[in-house]
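What follows is each chain in one-letter form.
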Amino acid sequence: AAFLHAHPKVASVNYPGLADHPNHDIAAEQMRGFGGMLSFEVKGGQAEAIAVAAKVKLFTRATSLGGFESLIEHRASMEGPNSKTSPTLLRCSIGLEHPDDLIADLAQALELL
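Residues numbered from 1 in each chain as written. Predicted model: local features only at pLDDT ≥ 70, side-chain atom pairs only at ≥ 80, totals over all residues. Heavy atoms only, no water.

### Focus on the overall build of the chain
- In terms of regular secondary structure, the chain is built from five helices and five strands.
- Seen in sequence order, the chain has helices and strands lined up from the N terminus as α-β-α-β-α-β-β-α-β-α.
- The C-alpha atoms of the chain give 14 Å as radius of gyration, which agrees with the globular expectation for 113 residues (13 Å, within 12%).
- Considering only C-alpha atoms, the chain reaches an extent of 40 × 30 × 30 Å along its principal axes.
- Counting across all 113 residues of the chain, residues that qualify as buried make up 32%. (Helix = DSSP H or I, 4+ residues; strand = E, 2+ residues; numbered from the N terminus. Rg over C-alpha atoms; globule rule 2.2 N^0.38 Å. Buried < 20%, exposed > 50% of the residue type's maximum accessible area, 1.4 Å probe, protein only.)

### Focus on the nonpolar core
- Core analysis: the biggest nonpolar cluster contains 20 residues, and L4, V13, F40, F59, I72, L90 and L106 have the highest contact counts within it.
- Elements with a minimum of two residues in this core: strand 1 (10–14), strand 2 (37–42), helix 3 (46–55), strand 5 (89–93) and helix 5 (99–111).
- Here this core takes four residues from helix 5, the largest share from any one element.
- Aside from chain neighbours lying at most four places away, what touches L4 is V10, V13, L38, F40, L106 and L110. (Core = buried A, V, L, I, M, F, W, Y, C linked by side-chain atoms within 4.5 Å. Contact = heavy atoms within 4.5 Å.)

### Description of the side chain of H7
- Mapped onto the fold, H7 is located in the loop between helix 1 (2–6) and strand 1.
- Every residue in contact with H7, bar those within four places of it in the chain, is listed here: L110 and E111.

### A closer look at the pairing of strand 2
- In the sheet, strand 1 pairs with strand 2 via four bridges, with the strands oriented antiparallel. Paired with V13 across the two strands is F40, which belongs to strand 2. (Pairing = 2+ DSSP bridges.)

### Quick word on the pattern of salt bridges
- Under the counting rule described, the total for this entry stands at three salt bridges.
- For the salt bridge of E73 with R75, the shortest nitrogen-to-oxygen distance reads 3.1 Å.
- The class of R75 is partly exposed, set by a relative accessible area of 21%.
- A salt bridge links R91 to E73; the nearest nitrogen and oxygen atoms lie 2.9 Å apart. Of the two residues, R91 sits in strand 5 while E73 sits in strand 4 (residues 71–74), which places them 18 residues apart along the sequence.
- For E73, a relative accessible area of 3% puts it in the buried group.
- Residues participating in the shared-partner salt-bridge network are E73, R75, E79 and R91. (Salt bridge = Lys/Arg side-chain N within 4 Å of Asp/Glu carboxyl O.)

### Considerations on the side chain of H74
- Along the chain, the position of H74 falls in strand 4.
- Exposure remark for H74: the relative accessible area of 5% places this residue in the buried category.
- Each residue touching H74, except ones within four places of it in the same chain, is listed here: Q46, A49, I50, P87, L89 and L90.

### What about the pairing of strand 4?
- Along strand 4, one buried face is formed by L71 and E73 and the opposite face, lined by I72 and H74, is buried too.
- Where strand 3 (residues 60–61) meets strand 4, two bridges bridge the pair, whose relative direction is parallel. Across the sheet, residue R61 finds its bridge partner in strand 4, namely I72.
- Taken together, the four bridges between strand 4 and strand 5 define a ladder with antiparallel strand orientation. Paired with L71 across the bridge in strand 5 is S93.

This is the structure in structure tokens:
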């Protein structure tokens, strides 16, 4: 989340573990950790968001929760043409891969924009 938060091609990150998240304090009070789910919005439009999801190599493009593998999805595409989800939003479920490998994967996908 911190990597994405600092990346120039990322517009926003939704993760309660970030100190500037509006619910950070309550999450820190109620949770032992902040979990492995996050979403972020890519700068640009839907095409850029879909391109990032298509260019990752370690993440699997899928909708699921609770697995051991890291997943990424373009939520608006999954919901269809009447989706109210931002077309630039990507949702991630972080699995058991090493964080440095996942960061490197996201970095290479974002740099290709």
